[in-house]
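Residues per chain, in single letters:
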Amino acid sequence: MLKNTQNRAQLVLALAALALSPLLAAKEAPILPEPEAVSEHAHAWVGPYGGPDTENQGFRMNLGYVVGEDAVAVIDSGHTPEMAKEMLEHIRATTDKPVRYVINTNSQPHRFMGNDVFREAGADILAAPEAVDRMQGNASMFAMQLENALDRPEGSTEHPEPPNVMVEDREELDLGGVTLGVRHVGSAHTHGSLIAVVEPDNVVFAGDVLYGGRLLAILSDGSMEGWLEAYELLQDEYADAKFIPGHGEPGALSTFDHPTHDYLRALWDHMIEAADMGTDMQSAIGAFDASPWQDLADFDDLAPRNANIAYQEAESALF
């Protein structure tokens, strides 16, 4: 009888361990892939498409870092402290140089929620003033969105301290033999968008000024007109550079003409004309031909919302 009881207990424990093992494996699974070497000094984690969820653990965008002879600069700090810690582990596996800077290219949570990990490692955090205002003003909403997307307990998310270096125009960061130019390019995907130029490599981290492979997301916090102006600035001043977009594979600027510039230009021109003629929103949205971009990832989720926000922005611009 005792032997049967022991056997049953062992069976229960074995079944419990079997049921738990996938959960443990998922918990221990790395969030980030190995970073890619984009140039001699620039490296990037290229994310998948789609929104943040428990499977991707919030990794669905591009992140990066730049290594000089004396120091490292990080481009965006990730969606969670756990992601930022993995970034730091990858960096330390490739260089012993200290991380002295983090550049938040915009105010979306996946660009700055890992800031405190790098701050504690001794880094200064750079962002545009407009971005910092939104980071702080929407702290509770951003925390709730992250918790909902990643299925985390309510109230479990700590909002990072605000960035301590404001970039209103340009900053030059000396990493030792490598100059990283940080430039404010205005309101694009969000207000207060920054790019980072790795000057000796002719590489530009463009953040969400550029999208490749997936449909871009228009936000009420951004500006379509400003976004087009930022794209034209890239054409005018960095046309021959290699670009790392906020989403998608690195490439020449022409790679992003169709998914970024042409889509914004077509949608903006259409909505400005519709609003100027007094066309109602639903008619204007229905009349826009988005089919040239229907093969981009996330099209079905984003196209209707983009058109709605575009009409509202056009109407506001006119009146």
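Residues numbered from 1 in each chain as written. Predicted model: local features only at pLDDT ≥ 70, side-chain atom pairs only at ≥ 80, totals over all residues. Heavy atoms only, no water.

Novice: Would you explain a negative patch on the surface in this entry?
Specialist: Together, Glu69, Asp70, Glu172, Asp174 and Glu199 make up a negatively charged patch on the protein surface. Tracing the backbone shows Glu172 in strand S8 (residues 170-174). (Patch = residues over 30% accessible without salt bridge, like charges linked within 9 Å, V, L, I, M, F, W, Y side chains within 5 Å. Areas by Shrake-Rupley, 256 points an atom, 1.4 Å probe, with all protein chains shown as cover. Salt bridge = Lys/Arg side-chain N within 4 Å of Asp/Glu carboxyl O. Lys, Arg positive; Asp, Glu negative; His and termini not counted. Charge placed at Lys NZ, Arg CZ, Asp CG, Glu CD. Helix = DSSP H or I, 4+ residues; strand = E, 2+ residues; numbered from the N terminus.)

Novice: Is there a simple way to explain the side chain of Asn62 in this structure?
Specialist: Locating Asn62 in the fold gives a position in the loop between strand S2 (42-45) and strand S3 (63-67). On the accessibility criterion, Asn62 (4% relative accessible area) is buried. Those residues in contact with Asn62 that sit more than four places away from it in its chain are Trp45, Val46, Gly47, Asp76, Arg111, Ile244, Pro245, Gly246, His247 and Gly248. (Buried < 20%, exposed > 50% of the residue type's maximum accessible area, 1.4 Å probe, protein only. Contact = heavy atoms within 4.5 Å.)

Novice: I keep staring at the packing of aromatic side chains and nothing clicks. Help me out?
Specialist: The geometry of an aromatic ring pair is captured by two quantities: the separation of the ring centres and the angle between the planes. Considering all chains together, one arrives at 5 aromatic pairs under this definition. Measuring from centroid to centroid gives 6.1 Å for Tyr211 and Trp227, while their planes differ by 55°, and the two rings are tilted. You can see Tyr211 sitting in strand S11 (residues 203-211) and its partner Trp227 sitting in helix H7 (residues 224-238), a full 16 residues away along the chain. Here the two residues Tyr211 and Trp227 agree in accessibility, since each one is buried. With a centroid separation of 5.3 Å and an interplanar angle of 70°, the aromatic rings of Tyr263 and Trp293 are classed as edge-to-face. Note that Tyr263 is positioned in helix H8 (residues 257-276) and Trp293 in the loop between helix H9 (281-287) and helix H10 (299-318), a separation of 30 residues in sequence. For the pair Tyr263 and Trp293, one class covers both residues: buried. (Phe/Tyr/Trp six-rings, centres within 6.5 Å; stacked < 30°, edge-to-face > 60°.)

Novice: Just checking my understanding: could you explain the pairing of strand S4 (residues 72-75) for this structure?
Specialist: For a regular strand, the rule is simple: side chains alternate between the two faces of the sheet. Residue alternation in S4 divides its side chains into two sets, Val72 and Val74 and Ala73 and Ile75, and both sets are buried. Bridge count between S3 and S4: 4 bridges; the pairing is antiparallel. In the sheet register, Val66 faces S4, and the bridge partner there is Ala73. Two elements, S4 and strand S5 (residues 99-103), share 4 bridges in a ladder whose sense is parallel. Each bridged residue has a counterpart across the sheet, and for Val74 the counterpart in S5 is Val102. Handedness of the crossover joining S4 and S5 through helix H2 (residues 81-94): right-handed. (Pairing = 2+ DSSP bridges. Right-handed = clockwise from strand over helix to strand, strands pointing away.)

Novice: Which parts of the structure should I look at to understand unusual backbone geometry?
Specialist: Peptide bonds are trans in most cases, and residues, glycine excluded, mostly fall at negative phi. Even without glycine at this site, Asp151 takes up a positive phi of about 55°. Residue placement: Asp151 occurs in the loop between helix H6 (139-149) and strand S7 (165-166). Of note in this structure, Asp298 is not a glycine but carries a positive phi near 70°. Mapping Asp298 onto the fold places it in the loop between H9 and H10.

Novice: Please clarify how the sheet that holds S5 should be interpreted in this entry.
Specialist: Either a parallel or an antiparallel arrangement is found when strands of a sheet pair, and the pairing is made through backbone hydrogen bonds. Taking strand neighbours across the sheet as the criterion, the 7 strands line up as S1-S2-S3-S4-S5-S6-S7 in an open arrangement whose pairing is mixed. Of all the strands in the sheet, just strand S1 (36-37) and S7 have a single pairing partner and so form its edges. Sheet strands touched by H2: S2, S3, S4 and S5. Its angle to S3, the strand with the most contacts, is close to 30°. (Axes fitted to C-alpha atoms, helices over the stretch in contact; angles between N-to-C directions.)

Novice: What exactly am I supposed to notice about H10 here?
Specialist: Because an α-helix completes one turn every 3.6 residues, residues spaced three or four positions apart along the sequence face the same direction. When the terminal C-alpha atoms of H10 are compared, their 28 Å separation across 20 residues agrees well with the 28 Å that a helix rising 1.5 Å per residue should span. Those residues of H10 not exposed but buried are Phe299, Leu302, Ala303, Asn306, Ala307, Ile309, Ala310, Tyr311, Glu313 and Ala314. Looking at the buried positions of H10, the neighbouring elements they touch are H7, H8 and H9. (Expected span 1.5 Å × (residues − 1).)

Novice: How should the pattern of salt bridges be read in this particular structure?
Specialist: Side chains that carry opposite charge are capable of pairing whenever their charged atoms lie near each other. Counted by the stated rule, this structure contains 10 salt bridges. Salt-bridge contacts for Arg214 lead to Asp298; the nearest nitrogen and oxygen are separated by 3.4 Å. Residue Arg214 is located in the loop between S11 and H7, and its partner Asp298 is located in the loop between H9 and H10; the two are separated by 84 residues in the primary sequence. Neither Arg214 nor Asp298 differs from the other in exposure class; each is buried. Each of Asp76, Arg111 and Asp208 takes part in salt bridges that share partners, so that together they form one network.

Novice: Sorry, what's going on with the sheet that holds strand S10 (residues 194-198) here?
Specialist: Here we have 6 strands laid out as an open sheet, ordered S8-S9-S10-S11-S12-S13, and mixed in their pairing. Lying at the two open borders of the sheet, with one neighbouring strand each, are S8 and strand S13 (251-252). Relative to S10, strand S9 (residues 179-184) runs antiparallel, the two sharing 5 bridges. When the sheet's bridge partners are listed, Val182 is paired in S10 with Ala196. Against the sheet, H7 engages S8, S9, S10, S11 and strand S12 (242-247), with an angle of about 155° to S11.

Novice: Please clarify how the pairing of S11 should be interpreted in this entry.
Specialist: Counting buried positions along S11 gives 9 out of 9 residues, so the element sits mostly inside the fold. With 3 bridges joining them, S10 and S11 adopt antiparallel strand pairing. Looking at S11, one finds that Val198 is bridged to Val203. Counting the residues that bridge the hairpin from S10 to S11 gives 4 residues, and of these Asn202 lies at a positive phi of roughly 55°.

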